[in-house]
Amino acid sequence: MNYKTKMNKMIHSRSECIKQAYEAIYKSAISLLSSIEDENMRAVYVLETNPEGDEGYTLHELISPLLYLSLICNIAGDYSIHFGVEERPDPERYQFLTSEFIRLIYKLTMKESTAVNIEDVVHTDWFVRDCSALFECTARTSSKHTLSVIQFKNDFRLN
């Protein structure tokens, strides 16, 4: 196997590992949100895109009044995971949820949890602190996101 072929396989393996970790984080975020009784707080906007052109793009994005999560591909083809939490959630009802979300992101991307070390893909070069404002802005301006309400599950268990 030549060097170029070997490098392409390594990149593909890393990219797949990142996608798998992102999918696990996404499913966990949905599970966390499903535990909220208030239907308005279980509303989410989701964006799913296909690669277009040579510029960077967002592959997937989840926006809720409490949580933000996205999988981004830059112009070099490298993936990154971005996240955010509502900075001032109601401490009595939502602080556990936002804290658990942050812990899950790092737990599911640590090198002990993945086949390939992807710890460096969680980026904080920009961080969403006001998820509720982003949610409202998306409601007013985006035609690409799909709105849905996650079904309430009072038997919440994280996978």
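Below or above, wherever it landed, is the structure these notes cover.

Analysis parameters
- Within each chain, residue numbers correspond to sequence positions counted from 1 in written order.
- This being a predicted model, a pLDDT of at least 70 is required before a residue's local features are given, and a value of 80 or more before pairs of side-chain atoms are given or counted; all residues contribute to the totals for chains, interfaces and linings.
- With hydrogens and water stripped out, all remaining heavy atoms of the structure feed into the side-chain values.
- Secondary structure is summarised from DSSP: a helix means a run of H or I of at least four residues, a strand means a run of E of at least two, and numbering begins at the N terminus for each.
- The contact rule is simple, with two residues in contact once any of their heavy atoms fall within 4.5 Å.
- Here the accessible surface of atoms and residues is derived via Shrake-Rupley with a 1.4 Å probe, and residues count as covered only by protein chains that are part of the display.
- Take the buried Ala, Val, Leu, Ile, Met, Phe, Trp, Tyr and Cys residues and link them wherever side-chain atoms come within 4.5 Å; each set so joined is a nonpolar core.
- The rule is simple: take the accessible area with a 1.4 Å probe, protein chains only, and divide by the maximum for that residue type; under 20% is buried, over 50% is exposed, in between is partly exposed.
- At least two DSSP bridges between two strands are needed for those strands to be called paired.
- A fitted line through C-alpha atoms represents every axis, and for helices the fit uses only the stretch in contact; the resulting angles, taken between N-to-C directions, go from 0 to 180 degrees.
- A side-chain nitrogen of Lys or Arg and a carboxyl oxygen of Asp or Glu constitute a salt bridge if their distance falls within 4 Å.

**Structural notes on the overall build of the protein chain**
- Each helix and strand in the protein chain was counted, giving three helices and six strands.
- Seen in sequence order, the protein chain has helices and strands lined up from the N terminus as α-β-β-β-β-α-β-α-β.
- Considering only intrachain contacts with a sequence separation of at least 6, the fraction spanning at least 24 residues in the protein chain is 62%.
- A total of about 9,700 Å² of accessible surface is found on the protein chain, and carbon and sulfur atoms cover 49% of it.

**Thoughts on the nonpolar core**
- Judged by nonpolar contacts, the single largest core of 34 residues is most densely connected at L67, L69, I81 and F101.
- Within the residue set of this core, elements represented by two or more residues are α1 (3-34), β1 (43-48), β2 (57-63), β3 (67-73), β4 (79-85) and α2 (95-109).
- Element by element, the count of residues in this core is highest for α1, at nine residues.
- Among all residues touching I81, those that are not within four sequence positions of it are I18, Y22, I25, L69, S70, L71, T109, V121, V122 and H123.
- With seven residues, the next largest nonpolar core counts Y45, I63, Y68 and V128 among its residues.

**Things to note about the sheet that holds β3**
- The six strands lie next to each other as β5-β4-β3-β2-β1-β6, forming an open sheet whose pairing is mixed. The open sheet has two edge strands, β5 (122-128) and β6 (146-149), and neither has a second partner. On average, adjacent strands in this sheet sit at an angle of 20 degrees to one another, irrespective of strand direction.
- Bridge analysis of β1 against β6 gives four bridges, and the strand direction is antiparallel. In the sheet register, A43 faces β6, and the bridge partner there is V149.
- On top of the sheet, α2 reaches β3, β4 and β5; it is set at about 165 degrees to β4, its chief contact.
- Packing of helix α3 (residues 131-141) onto the sheet brings it into contact with β1, β2, β3, β4, β5 and β6, and relative to β1 it is tilted by some 65 degrees.

**Regarding the pattern of salt bridges**
- This structure, assessed with the given rule, holds four salt bridges.
- We note a salt bridge from K19 to E16, for which the minimum N-O separation is 3.7 Å. One end of the pair, K19, and the other, E16, are both in helix α1, three residues apart, so they sit about a helical turn from each other.
- By relative accessible area, K19 is classed as partly exposed at 33%.

**Notes on the pairing of β2**
- A large share of β2 lies buried, amounting to six of its seven residues.
- The sheet contact formed by β1 and β2 spans four bridges and is antiparallel. Each bridged residue has a counterpart across the sheet, and for V46 the counterpart in β2 is L62.
- In this sheet, β3 lies alongside β2 in antiparallel orientation, the contact comprising six bridges. Bridged to I63 within β3 is Y68.

Take it as geometry only, folks, not as evidence of what the structure does.
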